[in-house]
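What follows is each chain in one-letter form.
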There are 2 protein chains.
Amino acid sequence: MGVAVTKKPKGTASRARILDAAAALFRDKGYAAVSLRAIAAAAGLQSGSVYYHFGSKEEIVTEVLNLGIERVHDQVSTTIATLPVDADAATLIKTGIRNHLKALFAFGAYTSANVRIYGQVPTSARQGNLAVRREYEGLWDDILSRAQARGGVQGGIDLAAFRLLLIGSLNATLEWFDPQRGRVEDLAECYADILLSGVLTHGGGRQ
Amino acid sequence: MGVAVTKKPKGTASRARILDAAAALFRDKGYAAVSLRAIAAAAGLQSGSVYYHFGSKEEIVTEVLNLGIERVHDQVSTTIATLPVDADAATLIKTGIRNHLKALFAFGAYTSANVRIYGQVPTSARQGNLAVRREYEGLWDDILSRAQARGGVQGGIDLAAFRLLLIGSLNATLEWFDPQRGRVEDLAECYADILLSGVLTHGGGRQ
DNA sequence: TATTCTATCTAACGATTGTTAGTCTATTTA
DNA sequence: TAAATAGACTAACAATCGTTAGATAGAATA
């Protein structure tokens, strides 16, 4: 048996290929428009073989949805954790924005599949994604309230609304930004500037 | 022939019911998941009758997509036009935000169908929607460059990026905001405040 | 009144859907 | 070596899909 090599059962690779193929197809065509035969073909299998790894189409999409959020969650929470405990509000929020966007485009198929098809998936799949979603929202609520506690965020801001605005605008970049044509870091810098300081001159506008 | 009464051919009402039903179903389930039989049933017809009014499912979705944008365009351009010529940057942008959101929720089925299914619709339907989309983007570019010309917007702001951030975040409200539980005007005020002035204290953060 | 048009219906077409059952082969375990 | 398991295949199922053809009833027109 020699050294402790991690086993790689052959089926594990197929399972991953099925998920990758499903994520990309769901992102491009929506949930219902993608047949199991199309997923199987893209993964290099026959349609029947998919059922060895997953019990149903719903089971596949549920896993795709969860992976899409979990990977962003991990990237954001990991990088936030490396910040010094006394990091200021701008640093906290900027780090969150940069790493949300990084993960969005690094795991593009899963994340944009999630953003695009969540509203059109069978109820059970949506419910299977709820817990993961809420956890990620909670992560951002922590980041934002920590930023506000450090005094860097205006008192009048509705943090829940800001979180929705923030994540909504970041996720919408999936519809137009091409990471091959521009750096994600630059996009993050630009978005963070606008969201943190607004676009008006003379630092005013609020009564 | 008496007074000039606008004719109401019976089929016109059916056509409108088909579009209304299709918009609501597309918004809820996506494009491919909605069958013509479901659209017909929701409109009170048999499936074959739909083909008297539309040549194909693609033709229906193309019209739904276009109506979704045209109605927002009309609302925004009309209200912007009523502003005094020397309106300041904050007023211009705030008016645009408020009326984009108003139209979004007033024509909910069409607008959220557009936001949700645009990426998953057959190529020809997407192309049939391109011109209308570009026109609406142009309207916002006019609003923003007019605001910047009046000196109210920071010079360093990338107006195209700001437009994308803005419209992206506004459209994302369709996924969570319920106009029955809160006033759209309040939502608009909240979003405009954040987008115009940012969330940081001491008007700083930008180098 | 005779004819045409409008708007709908019914019934069916071939294609495709998610899923299942049964079979085969290669690998692992006993 | 014998038995069991993992992983894939083929073939078929009932259901549903978008679409079409033809029939039908009432309204408008001549």
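Residues numbered from 1 in each chain as written. Chains lettered and ligands numbered in written order. Predicted model: local features only at pLDDT ≥ 70, side-chain atom pairs only at ≥ 80, totals over all residues. Heavy atoms only, no water.

Draft legend 1. Looking closely at the interface of chain B and chain A. The partner chain A presents 41 residues to the 40 residues of chain B that form the contact. For the pair chain B and chain A, the two sides together bury roughly 3600 Å², of which 60% comes from carbon and sulfur. Counting across the chain B and chain A interface gives zero salt bridges. Counting across the chain B and chain A interface gives 17 residue pairs in polar contact (both at pLDDT 80 or more). When contributions to the side of chain B that touches chain A are tallied by element, the ones reaching two or more residues are α1 (10-29), α5 (89-106), α6 (108-117), α8 (159-172) and α9 (184-197) of chain B. With eight residues, α9 of chain B is the largest single contributor of residues to the side of chain B that touches chain A. Along the lines of polarity and charge, the residues of the side of chain B that touches chain A split into 20 nonpolar, 14 polar and six charged. (Contact = heavy atoms within 4.5 Å. Buried area = accessible area lost by both parts, 1.4 Å probe. Salt bridge = Lys/Arg side-chain N within 4 Å of Asp/Glu carboxyl O. Polar contact = N/O pair within 3.5 Å; in protein donor to acceptor, adjacent residues only side chain to side chain. Helix = DSSP H or I, 4+ residues; strand = E, 2+ residues; numbered from the N terminus. Nonpolar A, V, L, I, M, F, W, Y, C, P; charged D, E, K, R; others polar.)

Draft legend 2. Focus on empty space enclosed by the protein. Applying the stated criterion across every chain, the model contains one cavity of 30 Å³ or more. The volume enclosed by the largest cavity comes to roughly 50 Å³. If you trace the largest cavity, you find it lined by Lys29, Gly30, Tyr31, Ala32, Ala33 and Gln120 of chain A together with Lys29, Gly30, Tyr31, Ala32, Ala33 and Gln120 of chain B. (1 Å grid on protein atoms, 1.4 Å probe; cavity = no way out; pocket = protein on both sides within 12 Å on 5 of 7 lines; lining within 4 Å. Points joined across faces, edges and corners; volume = space filled by probe spheres on them.)

Draft legend 3. Region of interest: the protein's contact with DNA strand C. With respect to spatial proximity, 20 residues lie near DNA strand C, and among them Tyr51 of chain A together with Ser14, Gln46, Ser49 and His53 of chain B are the closest. Considering the 4 Å shell around the protein, atoms of DNA strand C inside it are sugar or phosphate in 60% of instances. Between a phosphate oxygen of DNA strand C and a main-chain N or O atom of Val34 of chain A, the distance comes to 3.2 Å. Between Gln46 of chain B and DNA strand C, the recorded distance is 2.7 Å, taken from a backbone N or O atom to a phosphate oxygen. For the surface near DNA strand C, the elements supplying multiple residues, two or more each, are α2 (36-42) and α3 (47-53) of chain A together with α1 and α3 (50-53) of chain B. (Near = heavy atom within 4 Å.)

None of this, on its own, says anything about what the molecule does.
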